[in-house]
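The chain contents come next:
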Amino acid sequence: MADVDFLRSKLRAHPDFPQKGIVFLDIFPLLRDPLAFEALITHFVHHITSHTLGLSDNHKIDVVVGLDARGFLLGPIIALRLGAAFVPVRKKGKLPGECVQAEYAKEYGTDSFEMQADAIKPGQNVIIVDDLIATGVSTSSTIFKDALSLRKGGSAKAAGELVQKQGGKTLQYLFIIELLFLKASSKLDAPVYSIIQTQD
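Keep in mind that this is a model prediction, so the values were computed, not measured.

Novice: It is not clear to me how the overall build of the protein should be interpreted in this structure. Could you clarify?
Specialist: For the protein, the count of helices and strands is six helices and nine strands. Going through the 200 residues of the protein one by one, you find that 48% of them count as buried. Across the protein, contacts joining residues at least 24 apart in sequence account for 57% of those joining residues at least 6 apart.

Here it is in C-alpha cells:
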C-alpha cells in the first residue's frame, strides 16, 4: 500500500539507541510532517471504520485508550475522529482520584500502569493505541531481543487488563510499528493491527 510505504519512509533509524545492539525506529519525523501525520491518522481511522467496527455487535467504538506516553499523541485525535472518549493509561502515581492498577515487566523488576476507576463503563467497546508493540518474553540471548522485550514487555497487556477490570471489551490493539520476531500478538487478549511490521 502506498501510504504504508510513505509512512515507512518517514521513520528514522537510530542504531545503538538506547543501548548497543538496538536499532531504534523514531516516529517523531512523522509528526513533524503534517502530510505524513494526517496519512497516519487517516490510515488508522480507515482501518477502524472498515474492519475494527465489525468486531463489535453495535458497530461502535466507545473509548480509545492511549498508553503513556506516545499513545497520547495518537489516541485523542483518533478518538475525536470516531466520536469516542479518550482515556489515558499512565504510570503509577500520575493520575488523580481512585485508580485501577496492573503490573508489567521492565528490565529490572516490574512497574505499574493505572487508569482512573470511572474511565470505562461495563460493556463499552475499546481500542488500545500505542506507537510500538514489543510485548512478550524473548527466548533469544541477544541484547537486542532481551532488552527490548523486557522494556515494553507487557505494557499493552497491562492496558488490556485495566480495560477488563473496568468491564470494557477490547476489540483491537493498534500500533504504528510491530516487531514480529517477539511474537507479541499471541500475548494479548484481542487482535493486533500494526501499520508497519519489521523483523529487525
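Moving on, there is more to tell.
Novice: When you look at the pairing of strand E8 (residues 169–179) in this model, what are you seeing that I'm missing?
Specialist: Remember that side chains alternate between the two faces of the sheet whenever the strand is regular. The buried fraction of E8 is high, at ten of eleven residues. Summarising the sheet, E8 and strand E9 (residues 192–198) pair through six bridges and their orientation is parallel. Within E9, the residue paired with Leu179 across the bridge is Thr198.

Novice: Please explain the pattern of salt bridges as it appears in this structure.
Specialist: Two side chains carrying opposite charge are able to pair once their charged atoms lie near each other. Taken as a whole and assessed by the stated rule, the structure comprises five salt bridges. Across the salt bridge formed by Glu38 and Arg81, the nearest N and O atoms sit 3.1 Å from each other. A residue pair is termed long-range when its members are at least 10 positions apart, and Glu38 in helix H3 (residues 34–50) and Arg81 in helix H4 (residues 71–82) qualify at 43 residues. Since its relative accessible area comes to 35%, Glu38 is described here as partly exposed. Judged by relative accessible area, Arg81 falls into the partly exposed class, the value being 41%. Across the salt bridge formed by Asp68 and Arg90, the nearest N and O atoms sit 3.6 Å from each other. On the criterion of sequence distance, the pair formed by Asp68 in the loop between strand E3 (63–67) and H4 and Arg90 in strand E4 (residues 85–91) is long-range, its members being 22 residues apart.

Novice: Would you mind going over the nonpolar core with me for this structure?
Specialist: Soluble globular proteins tend to bury their nonpolar side chains together. Judged by nonpolar contacts, the single largest core of 33 residues is most densely connected at Leu40, Phe44, Leu74 and Ile78. Among the elements of the structure, helix H1 (2–10), H3, H4, strand E7 (125–133), E8 and E9 are those that each provide at least two residues to this core. The leading source of residues in this core is H3, at eight residues. Apart from residues lying up to four places away in sequence, Phe44 is in contact with Leu74, Ile78, Leu174, Phe175, Ile176, Tyr193 and Ile195.

Novice: Mind showing me how you'd approach the packing of aromatic side chains here?
Specialist: Geometry of an aromatic ring pair is reported as the spacing of the ring centres plus the angle between the planes. For the structure on display, the rule yields three aromatic pairs. Ring plane angle 85° and centroid distance 6.3 Å describe the contact between Phe72 and Phe86, whose orientation is recorded as edge-to-face. Here Phe72 is found in helix H4, whereas its partner Phe86 is found in strand E4, with 14 residues between them in sequence. Residue Phe72 is classed as partly exposed on the basis of its relative accessible area of 24%. For Phe86, a relative accessible area of 27% translates into the label partly exposed.

The rules behind these values
- Position numbers for residues start from 1 in each chain and track the written sequence from start to end.
- For a predicted model such as this one, the threshold for reporting local features is a pLDDT of at least 70, and the threshold for listing and counting side-chain atom pairs is 80 or more; totals across whole chains, interfaces and linings nevertheless cover every residue.
- Excluded from the side-chain calculations are hydrogens and water; all other atoms, namely the structure's heavy atoms, are used.
- To qualify as a helix, a DSSP run of H or I must reach at least 4 residues; to qualify as a strand, a run of E must reach at least 2; elements of each kind are numbered from the N terminus.
- Each residue is placed in one exposure class: buried if its accessible area under a 1.4 Å probe, protein chains only, is under 20% of its type's maximum, exposed if it is over 50%, and partly exposed if it falls in between.
- Note on definitions: a residue-residue contact is assigned when non-hydrogen atoms from the two residues lie within 4.5 Å.
- Strands pair, by our definition, only if DSSP identifies at least two bridges between them.
- Salt bridge, as used here: a side-chain nitrogen of Lys or Arg that lies within 4 Å of a carboxyl oxygen of Asp or Glu.
- In this description, a nonpolar core means a group of buried Ala, Val, Leu, Ile, Met, Phe, Trp, Tyr and Cys residues linked to one another through side-chain atoms lying within 4.5 Å.
- For Phe, Tyr and Trp, where Trp contributes only its six-membered ring, two rings pair if their centres lie within 6.5 Å, and the inter-plane angle classes them as stacked under 30 degrees, edge-to-face over 60, or tilted in between.

Structural measurements only, silent on function.
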